[in-house]
Amino acid sequence: MSTGGHNRATMAGRLSVLVGALSVPAFVGVWELIARSRIVNAVLFPPPSTVAVAVLDWIHSGQFFGDLSASLFRVTVGFLIGTTGGIMLGVLTGRFRLLSSLLSPLFHILRPIPPIAFVPIVILWFGLSEAGKLFLVVWGVFFTVWLATHIGVQKVDRGLIRAALMLGTPRRQMLSEIILLGALPYIVVGLRTAVSISFYTLVAAELAGAFAGIVYRIEIAQQNMQTGQVMGGLAALGLLSFVADRSFAAIAERAVWWR
Amino acid sequence: MVAMMHNPLRPTSPLRLVDAVPEPSSAVPEAIIRVEDLSIVFDVPRGEVIAVDRVSLAVMPGEFVSLVGPSGCGKSTLLNAMAGLERPFEGEVTVAGKPMLAPRPDIGMVFQQPHLFPWKSVRRNIAHGPRALGKSKTEALRIADDLIDMIGLTKFASAYPHTLSGGMQQRVAIARALANQPRVLLMDEPFGALDAQTRAVMQDNLLELRDRINATIVFVTHDIDEAILLSDRVLIMSAGPGRILRDLSVDLPRPRSSAILTDPAYLALKRDCLDLIRTEGRKAFEQMEAVT
Ligand SMILES: Nc1ncnc2c1ncn2[C@@H]1O[C@H](COP(=O)(O)OP(=O)(O)O)[C@@H](O)[C@H]1O
Ligand SMILES: [Mg+2]
């Protein structure tokens, strides 16, 4: 009886692995069939083969890597600046009451405004420059990381701080080691959310007007009715943020190394 | 009284009553810890809590003194004041002649919870203090390794705290506090969270350790057995607000081990302590009855 149950369990397991592996190819296949069957308008819903050709053209034209690096630059630099600022200010407001009274109310008012709503004012301030795009990503990332750090710092075990005080830990090391590492598990959660935020603010930043970038390319293709290129761009963006999220998850797992 | 014949030097009664409140300045000029008329008051939502109420005491260099009292009587607050973690509301605490206004590296502390840095290995936890005080990495790690051998955790030097048992963690916490070679070691119910068996082992370890280090120790506990076994002097505190009721010298021979717990002289001393505490407990209870 138990072996039967065991066999059934492994069979169910194998089946689900198989179905999982076939999920995306099956979807692409069905899409190809439907698009070619003329049930739908092939100009609006191009088959995957057309999308693949558009992507290859994109790469051959040499624009792809320019677009990719422009987008990657905005996302990574914006992410790094925003998270560094968020962590630093989070440590400070989490640790120093007066600073928290000064800044927290302001941050709590600004935080819920969707970063996309800042696009018009950013265009007025920065025009179509890179600085404006970075600003949007930084802005989007900052508050999430600040709040996660602020809360994390306040949850650091007071006993740990007292122990460190008794051992003569200097003020600087108290912030940069005890407080920061004590709050790290919370910070990492904030950073993971910030990865996806940085991508969606990137979209807003490039739609607002750019000269290169994956989302910029999608918009240009849309204006030219190149739907294959639009979908190729979407796929590239999806893949990029998927890879970013997964690699960050892997990093996050190791970031709290003592667990 | 077989034990007594082996030791003719032992005084007839192990219990000696000392003035409950020692004269601050003249009587004990060479004290290393001096608490004078110390009161500590906490602001709470509904008014104030007097945690420590005009306490005076003195501890001699090299002495092992226990503070015993019911929970909530202010033992931790008093100890924290000696550590510089709590500021006096009134009165003064001086250690080695200097008033305690902030923690100082010549005073070590062991808490009820080990509070080890979870991101550091055993070795690096112990090396933290010497590093913080500016010693080189090599020097700090050498100090750590010596202490690790002393607490018998050589095999666990590179383990992270969460992989150790409670007793092992607390041994690391003690070693970490000793790494700065403190003149004064404050211990706040350090074995309170351990099971009875581990606690007995830890007590024996501490007795051995004490012979090797050169520190004055103030030890908080609510376990009378533990206090008598370990100490030269036991201070019994009243139920809150904390005051010192009695100051008992424990004139039992050293080296001691937990074998002493069945010694008749020890039992006599313990009975005296328990009587005191029971009377005090009843008083506190009657006071509460009268109020309500
Ligand atoms: N930070 C604090 N804020 C307010 N009340 C406190 C604080 N610390 C201790 N107390 C109060 O002071 C009294 C003594 O506490 P404590 O020193 O921890 O006692 P013990 O260690 O003897 O159990 C208790 O009534 C406790 O509630
Ligand atoms: Mg306590």
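Cut-off values and rules
Residues numbered from 1 in each chain as written. Chains lettered and ligands numbered in written order. Predicted model: local features only at pLDDT ≥ 70, side-chain atom pairs only at ≥ 80, totals over all residues. Heavy atoms only, no water. pLDDT = per-residue confidence, 0-100. Helix = DSSP H or I, 4+ residues; strand = E, 2+ residues; numbered from the N terminus. Salt bridge = Lys/Arg side-chain N within 4 Å of Asp/Glu carboxyl O. Buried < 20%, exposed > 50% of the residue type's maximum accessible area, 1.4 Å probe, protein only. Contact = heavy atoms within 4.5 Å. Buried area = accessible area lost by both parts, 1.4 Å probe. Polar contact = N/O pair within 3.5 Å; in protein donor to acceptor, adjacent residues only side chain to side chain. Nonpolar A, V, L, I, M, F, W, Y, C, P; charged D, E, K, R; others polar. Expected span 1.5 Å × (residues − 1). Near = heavy atom within 4 Å. Areas by Shrake-Rupley, 256 points an atom, 1.4 Å probe, with all protein chains shown as cover. Axes fitted to C-alpha atoms, helices over the stretch in contact; angles between N-to-C directions. Parallel < 35°, antiparallel > 145°, perpendicular 65-115°, else oblique.

1. Examining the confidence of the model for chain A
1) Next: In this model, chain A carries an average pLDDT of 92, and 98% of its residues clear a pLDDT of 70 or more.
2) Next: The secondary-structure element of chain A with the lowest mean pLDDT is helix α1 (residues 2-36) of chain A, recorded at 83, while helix α7 (residues 158-166) of chain A shows the highest, at 97.

2. Points about the pattern of salt bridges
1) Next: Evaluation of the coordinates by the stated rule reveals 19 salt bridges over all chains.
2) Next: The salt bridge involving D67(A) is made with R217(A); its shortest N-O contact spans 2.6 Å. Of this pair, D67(A) sits in helix α3 (residues 63-95) while R217(A) sits in helix α9 (residues 214-223), and the two are 150 residues apart along the sequence.
3) Next: Taking the relative accessible area as the measure of exposure, D67(A) reaches 1% and is therefore buried.
4) Next: Given the relative accessible area of 11%, R217(A) is considered buried.
5) Next: For D145(B), the salt bridge identified is with R123(B), shortest N-O distance 2.7 Å. On the criterion of sequence distance, the pair formed by D145(B) in helix α4 (residues 137-150) and R123(B) in helix α3 (residues 122-132) is long-range, its members being 22 residues apart.
6) Next: The network of salt bridges with shared partners includes R74(A), E130(A) and E206(A).

3. A word on the interface of chain B and chain A
A common measure of how large an interface is: the accessible area buried when the components associate.
1) Next: Every contact between the two is made by 26 residues of chain B and, on the other side, 20 residues of chain A.
2) Next: Here chain B meets chain A over a buried area of about 1,900 Å², counting both sides, of which 68% is carbon and sulfur.
3) Next: The largest share of the area that chain B buries against chain A comes from H115(B), W119(B) and H128(B), three residues that together contribute 34% of it.
4) Next: Connecting chain B to chain A are two salt bridges.
5) Next: Its salt-bridge partner being E86(B), residue R162(A) comes within 3.8 Å of it at the nearest N-O pair.
6) Next: Our count for the chain B to chain A interface comes out at eight residue pairs in polar contact (both at pLDDT 80 or more).
7) Next: Of all the elements in the fold, those that place two or more residues in the side of chain B that touches chain A are α2 (75-83), β7 (107-110), α3 and α5 (166-178) of chain B.
8) Next: Here the side of chain B that touches chain A is composed, by residue class, of 15 nonpolar, seven polar and four charged.

4. Some remarks on helix α10 (residues 227-255) of chain A
All names here are of chain A.
1) Next: Helix length check: α10 (29 residues) gives 41 Å between terminal C-alpha atoms against 42 Å at 1.5 Å per residue, within 8%.
2) Next: Those residues of α10 that fall on the buried side of the exposure criterion are T227, G228, Q229, V230, G232, G233, A236, L237, L240, F248, A249 and A252.
3) Next: Where α10 is buried, its residues touch α2 (48-60), α3, α8 (171-207) and α9.

5. Quick word on the site of ligand 1
Residues and elements named next belong to chain B.
1) Next: In the neighbourhood of ligand 1, the contacting residues comprise F42, V44, V49, A51, P70, S71, G72, C73, G74, K75, S76 and T77.
2) Next: G72 places a main-chain nitrogen or oxygen 2.6 Å from an oxygen atom of ligand 1.
3) Next: Between ligand 1 and K75, the relevant distance is 2.9 Å, taken from an oxygen atom to a main-chain nitrogen or oxygen of the residue.
4) Next: Against a free-state accessible area of 560 Å², the protein chains account for coverage of 61% of ligand 1.
5) Next: Listed by contribution, the elements that provide at least two residues to the shell around ligand 1 are β2 (33-44), β3 (47-59) and α2.

6. Examining the packing of α2(A) against α10(A)
Residue and element names in this part refer to chain A.
1) Next: Look at α2 against α10: their axes get within 8 Å of each other, and the N-to-C directions meet at 75°. Classed by the angle they form, the pair α2 and α10 counts as roughly perpendicular. Taken together, the residues of α10 that come into contact with α2 (itself represented by V51, A54, V55 and W58) are G228, Q229, M231, G232, G233 and A236.
2) Next: Tallied by class, residues from the contact of α2 with α10 come to six nonpolar, four polar and no charged.

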